[in-house]
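Examining the three-dimensional arrangement
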Amino acid sequence: MPDVLGDLLGQSLRAVLCGTAVGTASAQAGAYYAHKQNKFWRILHETGLTPELLQPHQYRDLLRYRIGLTDFVKTHSGMDHQLPLPELRESARARLRATIAACRPRLLAFTSKAAGQNFLGGKREYGEQVELIADTRIWILPSTSGAANGSWRPEIWHQFADRVRS
């Protein structure tokens, strides 16, 4: 099955941001974080990770700022509860581990607790995790989805941005 959206990766990346899977609006637009209520592009700008407020169709411009994008599940789109995670979990974990080991970013940040917990295999808190992939540090960030407004904590994104710049 082909990827819904291709990875945006390269060498010498400061960070790779990883969602659970491409949302329906993003799949339709062919661009990451495309739902109009998603806070992803706004928080990247607010934290200084991008000097300008990018639009979803400009997602490839993130490479100029040494930021990459991927998803835990590449072959399905939709909200977390719509994904066949149990049957995809092991293959998705292996694929993501190999991808990160190959491009070796300084940081891998999951853009939702669900994505991070599915990858790491259990309950986790936001922030830096103890596990590594090679020498890549792992973070879990609050979801930028409008559906997750109740757990929105921009201060965690600001802490992550400080770590990216350090």
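Before going further, it helps to spend a moment on the sheet that holds strand 3 (residues 107–110). Read from one edge to the other, the open sheet built from five strands follows the order 2-1-3-5-4, with strand pairing classed as mixed. The open sheet has two edge strands with one neighbour each: strand 2 (67–71) and strand 4 (127–133). Within the sheet, the average angular offset between the axes of one strand and its neighbour, ignoring direction, is 25 degrees. Taken together, the four bridges between strand 1 (residues 15–19) and strand 3 define a ladder with parallel strand orientation. Counted as the bridge partner of Leu17 is Ala109 from strand 3. Against the sheet, helix 4 (residues 113–120) makes contact with strand 1, strand 3, strand 4 and strand 5 (136–140), and its axis sits at roughly 130 degrees relative to strand 5, the strand it touches most. Sheet contacts for helix 5 (residues 154–165): strand 1, strand 3, strand 4 and strand 5; angle to strand 5, the most-contacted strand, approximately 165 degrees.

Now for the pattern of salt bridges. Here the structure, examined in full by the defined rule, presents 11 salt bridges. Of the charged contacts, one joins Arg93 and Glu90 as a salt bridge, the two residues approaching to 2.3 Å between their closest N and O atoms. Taken together, the residues Arg93 and Glu90, both in helix 3 (residues 85–103) and three residues apart, mark about one turn of the helix. Overall, the relative accessible area of 54% leaves Glu90 in the exposed class.

Another point: the nonpolar core. Ranked by size, the top nonpolar core spans 47 residues in total, and within it Leu17, Phe40, Leu62, Leu69, Phe110 and Phe160 carry the most contacts. If one sorts the elements of this core by residue count, helix 5 sits on top with five residues. Ignoring anything within four residues of it in the chain, the contact list for Phe40 reads Leu17, Tyr33, Leu62, Leu69, Thr111, Thr144 and Trp157.

Okay, helix 5 next. Given 3.6 residues to a turn, an α-helix orients residues that are three or four positions apart in the same direction. Look at helix 5: 17 Å from first C-alpha to last across 12 residues, which is about the 16 Å you get at 1.5 Å a residue. All of the buried residues along helix 5 are Ile156, Trp157, Phe160, Ala161 and Val164. Looking straight down helix 5, one finds its buried side chains confined to an arc of 140 degrees; they lie on one side. Where helix 5 is buried, its residues touch strand 1, helix 2 (40–46), strand 3, strand 4 and strand 5.

Relative to strand 5, strand 4 runs antiparallel, the two sharing four bridges. Paired with Gly127 across the strands is Ile140, a residue of strand 5. In this structure, the hairpin formed by strand 4 and strand 5 is closed by a connection of two residues, where Ala134 is found at a positive phi of approximately 55 degrees.

Moving on to the state of the cysteines. What is meant by a disulfide is a covalent connection between two cysteines, made through their sulfur atoms. Tallying each qualifying case throughout the model produces zero disulfides. Just so you know, Cys18 is unpaired, no disulfide at all, and the nearest cysteine sulfur is the one on Cys103, 11 Å from it. For Cys18, a relative accessible area of 0% translates into the label buried.

Calculation criteria
- Residues numbered from 1 in each chain as written.
- Predicted model: local features only at pLDDT ≥ 70, side-chain atom pairs only at ≥ 80, totals over all residues.
- Heavy atoms only, no water.
- Pairing = 2+ DSSP bridges.
- Helix = DSSP H or I, 4+ residues; strand = E, 2+ residues; numbered from the N terminus.
- Axes fitted to C-alpha atoms, helices over the stretch in contact; angles between N-to-C directions.
- Contact = heavy atoms within 4.5 Å.
- Salt bridge = Lys/Arg side-chain N within 4 Å of Asp/Glu carboxyl O.
- Buried < 20%, exposed > 50% of the residue type's maximum accessible area, 1.4 Å probe, protein only.
- Core = buried A, V, L, I, M, F, W, Y, C linked by side-chain atoms within 4.5 Å.
- Expected span 1.5 Å × (residues − 1).
- Arc of directions from axis to C-beta.
- Disulfide = S-S within 2.5 Å.

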